[in-house]
Amino acid sequence: MHVHDHHSQSISIIVQLMLAVPFVISLFIYIFAVFLSNRHKKRWPLYRTFFWVLGHVCAIVTLIGPFAEHTHTSFSAHMIGHLLLGMLAPLVIALAAPMTLLLRSIPVNMARTLSLLLRRKSFHVLRNPVFASILNVGGLWLLYTTPLFTMMHESTFLFIFIHIHIFLAGYLFTIAFIYIDPTPHQSSFIYRSIILLLALAAHSILSKRIYAYPPSNVSIEQAELGAMIMYYGGDAIEIGFVFLLFYQWFKSSRKPLHPKAVAPR
């Protein structure tokens, strides 16, 4: 991995701020929206606010501060950052139901307009599990099996772009499979389960490939440790992911039982 001189560290601080500040702003906007929503509607669940804060903390820790600096010189730390920014943060942020809160907080006319926009075919394509999987898992294959990983540490623009992509692709992947917010064009549970199985398999295979064929400028020891973190850490988060999908499937399949009327004897 790369060692920064004083000038590079100064640039790195600016880049860290550019990446972290939007999350800080987003954190406070959500809390303000909760305040607005609670004034006129039923109180917003506290656990959803907790998920929002937790997800933002996971993202911010990987983007600014000592740990963010460490990810530049340690591949294992970089891989922990990948799990936090690209998997755990998107998952818990999705559980905070931000779109539902937004629709509750804005005026009715604006909420109706936004709902109509979300029903457009373009958004349906974006949330298609296949497209989201290619964008997310395919992007990781591109990053770790090509010179792109080395180029990321040599180009400020690429570094910013790839980190934004990792989070947004992870979030899009999450909401393509797990429906927390209103979802106009819903895919079947069978379809989502099959695509999810393939996507998770591709993620696991990538971690094994990193173990066998380290990215450029990454030592064998660091690559092996990073690959194990990706494999086992990814499995831990994926278990929660699969549980949520199957729990929603179970809830949707339950039918209310209506006991037959018994004639009096």
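Presented here is an overview of the structure given in this document. This structure is a prediction, so every number in the text was calculated from the model and none was measured. (Residues numbered from 1 in each chain as written. Predicted model: local features only at pLDDT ≥ 70, side-chain atom pairs only at ≥ 80, totals over all residues. Heavy atoms only, no water.)

1. Focus: a nonpolar patch on the surface
- Judged by side-chain polarity, Val 24, Phe 28, Ile 31, Val 53, Val 57 and Val 61 come together as a nonpolar surface patch covering roughly 460 Å² of accessible area.
- When you line up the elements, Val 24 lands in helix 1 (residues 6–40). (Patch = residues over 30% accessible without salt bridge, like charges linked within 9 Å, V, L, I, M, F, W, Y side chains within 5 Å. Areas by Shrake-Rupley, 256 points an atom, 1.4 Å probe, with all protein chains shown as cover. Salt bridge = Lys/Arg side-chain N within 4 Å of Asp/Glu carboxyl O. Helix = DSSP H or I, 4+ residues; strand = E, 2+ residues; numbered from the N terminus.)

2. As for the packing of helix 2 (residues 46–63) against helix 4 (residues 75–95)
- Following both chains from N to C, one finds helix 2 and helix 4 inclined at 160°, their axes separated by 8 Å at the closest point. In terms of orientation, helix 2 lies roughly antiparallel with respect to helix 4. Considering the relative orientation of helix 2 and helix 4, their crossing is left-handed. Residues Arg 48, Phe 51, Trp 52, Leu 54, Gly 55, His 56, Cys 58, Ala 59, Thr 62 and Leu 63 of helix 2 pack against Gly 81, Leu 84, Leu 85, Leu 88, Ala 89, Val 92, Ile 93 and Leu 95 of helix 4.
- Classifying every residue of the contact of helix 2 with helix 4 gives 13 nonpolar, 4 polar and 1 charged. (Axes fitted to C-alpha atoms, helices over the stretch in contact; angles between N-to-C directions. Parallel < 35°, antiparallel > 145°, perpendicular 65-115°, else oblique. Left-handed = near helix turned anticlockwise from the far one by under 90°. Contact = heavy atoms within 4.5 Å. Nonpolar A, V, L, I, M, F, W, Y, C, P; charged D, E, K, R; others polar.)

3. Observations regarding helix 11 (residues 189–212)
- With 24 residues, helix 11 should cover 34 Å at 1.5 Å per step; its first-to-last C-alpha distance of 35 Å lies within 8% of that length.
- Turning to helix 11, its buried residues are Phe 189, Arg 192, Ser 193, Ile 195, Leu 196, Ala 199, Leu 200, His 203, Ser 204, Leu 206, Ser 207 and Ile 210. (Expected span 1.5 Å × (residues − 1). Buried < 20%, exposed > 50% of the residue type's maximum accessible area, 1.4 Å probe, protein only.)

4. Examining the environment of Trp 141
- Note on placement: Trp 141 falls in helix 8 (residues 129–145).
- For Trp 141, a relative accessible area of 26% translates into the label partly exposed.
- In this structure Trp 141 touches Ala 202, Ile 205, Leu 206 and Arg 209, once residues within four positions along its chain are discounted.
- Here Ala 202 takes part through its backbone oxygen, which lies 3.1 Å from a polar atom of the side chain of Trp 141. (Polar contact = N/O pair within 3.5 Å; in protein donor to acceptor, adjacent residues only side chain to side chain.)

5. Structural notes on the side chain of Thr 71
- Checked against the element boundaries, Thr 71 lands in the loop between helix 3 (66–70) and helix 4.
- Given the relative accessible area of 10%, Thr 71 is considered buried.
- A polar contact of 2.5 Å, which involves the side chain of Thr 71, links it to the backbone oxygen of Ala 68.

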